[in-house]
Amino acid sequence: MLVPMPQRSRTELIGPAGMDQRRGCTGEDQVIQPLAGVVEDVCVMETWNPEKAARWNQAPKLHYCLNYDRQKAELLVTHLEAVTSDHEGGCDCYVQGSVANRTGSVEAQTALKKRQLHTTWEEGLVLPLADEELPTATLTLTLRTCDRFSRHSVAGELRLGLDGVSVPLGAAQWGELKTSAKEPSAGTGEVLLSVSYLPAASRLLVVLIKAKNLHSHQSKELLGKDVSVKVTLKHQAQKLKKKQTKRAKHKINPVWNEMIMFELPDDLLRASSVELEVLGQDEAGQSCVLGRCSLGLHASGSERSHWEEMLKNPRRQIAMWHQLHL
């Protein structure tokens, strides 16, 4: 059962330009969403044949066209469209492209679009790639979905060789996305939190909202015991300060709705990180770690993207779910 979030006034949820920041699916939980990269819906570029779609299976499909600009040394991915099934998760979706070059891997992504059975993007992807690297390079196109808590999931991906043989340049075509194996469900649960930075006050705000599916090898003993979250602020490898939330009853899905504040100068923010430990208590009253996660530019996946969104959007609460691990 969803636990209602603290009530916010209409004024708090409206940005300076009067734009509603609660974009995404409607629901009881209302968290301010990042608006970076969001564009209005555009017209469909090509006609999709529903009869053909009915003959295909439920695997997601991606339409694309590859071109190469030798004068600018750029790989262009255009005519992007996606077809997904009803059961695909997420309110919004976007396409991410990545290709390796001499300096490492470069990435680009489309804007978020409201997910439909057939979604189109007017813009394309531009990826720098030297001409001599083209024959040996591999392009990965990933269709991702995003829910109202900015929790990103992979709907499927497509790997394409750029030698011009396996995938002809200039030819628009459909490809079936391969769904990667999901993360093992034997994890220790997930935690929902928001982070925001106030430059004028030099304050970092971490709001621990709730967790779900908490479990461990000691779960039977911990069930009904108190659960808290210890939050540690670090700058590079140095621990600056640690704080702990109040205790909530461990009912697999505990709720805290508690804000923790740290004083942190703006010039230290990029190289800083926040580490979380979800703590339970055993029969002897000793603390037991149920799971951890760490937000910062040192991390990867959602833990890194959460920190990046906070850096790009000062004074705005950015909420995301994160997988806990030991």
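Computed from a predicted model, the values in this text were never measured in an experiment. (Residues numbered from 1 in each chain as written. Predicted model: local features only at pLDDT ≥ 70, side-chain atom pairs only at ≥ 80, totals over all residues. Heavy atoms only, no water.)

Enquirer: Outline the pairing of strand β13 (residues 226–235), listing residues and values.
Expert: Burial runs high along β13: 8 of the 10 residues are buried. In this sheet, strand β15 (residues 248–249) lies alongside β13 in antiparallel orientation, the contact comprising 2 bridges. The partner of Asp226 across the bridge, within β15, is Lys249. Direction of pairing for β13 relative to strand β17 (residues 272–281): antiparallel, over a ladder of 8 bridges. Following the sheet pairing, Val229 is matched in β17 by Val278. With 6 bridges connecting them, β13 and strand β14 (residues 238–244) associate as antiparallel partners. When the bridges of β14 are listed, Lys230 appears paired with Gln244. Hairpin remark: β13 followed by β14, antiparallel, with 2 residues in the connecting loop; positive phi at Gln236, about 55°. (Buried < 20%, exposed > 50% of the residue type's maximum accessible area, 1.4 Å probe, protein only. Helix = DSSP H or I, 4+ residues; strand = E, 2+ residues; numbered from the N terminus. Pairing = 2+ DSSP bridges.)

Enquirer: Pulling in residues and values, what's your account of the sheet that holds strand β16 (residues 255–263)?
Expert: With respect to topology, 4 strands assemble into an open sheet ordered β16-β12-β11-β19, the strand pairing being antiparallel. Since the sheet does not close on itself, it has two edges, and those belong to β16 and β19 (318–323), each with one partner. Going across the sheet, the axis of each strand differs from the next one's by a mean of 25°, ignoring polarity. Here strand β11 (residues 190–198) runs beside β19; their pairing, made up of 6 bridges, is antiparallel. Bridge pairing links Glu190 to Gln323 in β19. Across the sheet, helix α3 (residues 301–312) lies against β11, β12 (203–212) and β19, angled at about 170° from β19, the strand it touches most. (Axes fitted to C-alpha atoms, helices over the stretch in contact; angles between N-to-C directions. Contact = heavy atoms within 4.5 Å.)

Enquirer: How would you explain the environment of Pro314 if you had to name every residue and give the values?
Expert: Within the fold, Pro314 resides in the loop between α3 and β19. Along the sequence, Pro314 and Leu198 sit 116 residues apart, while their C-alpha atoms lie 6.3 Å from each other. Once residues within four sequence positions are removed from consideration, Pro314 is found in contact with Tyr197 and Pro199.

Enquirer: Could you give an account of the confidence of the model for the protein, naming the residues involved and the relevant values?
Expert: Caution applies to low-pLDDT regions: their predicted coordinates should not be interpreted in detail. For the protein, per-residue confidence averages 77 on the pLDDT scale, and 71% of positions sit at 70 or higher. Low pLDDT, under 50, characterises residues 51–57; the predicted model gives this stretch 5 contacts beyond four residues in sequence or across chains. (pLDDT = per-residue confidence, 0-100.)

Enquirer: How would you explain unusual backbone geometry if you had to name every residue and give the values?
Expert: Positive phi outside glycine occurs at His79, with the angle close to 55°. Counting through the fold element by element, His79 comes out in strand β2 (residues 74–83). At Gln236, a position not held by glycine, the phi torsion is positive, near 55°. On the secondary structure map, Gln236 appears in the loop between β13 and β14.

Enquirer: Describe the environment of Pro135, and please don't skip the residues or the numbers.
Expert: Along the chain, Pro135 falls in the loop between β7 (125–128) and β8 (138–146). For Pro135, a relative accessible area of 51% corresponds to the exposed category. Separated by 27 residues in sequence, Pro135 and Leu162 have C-alpha atoms that sit 5.6 Å apart. Ignoring anything within four residues of it in the chain, the contact list for Pro135 reads Leu162 and Asp163.

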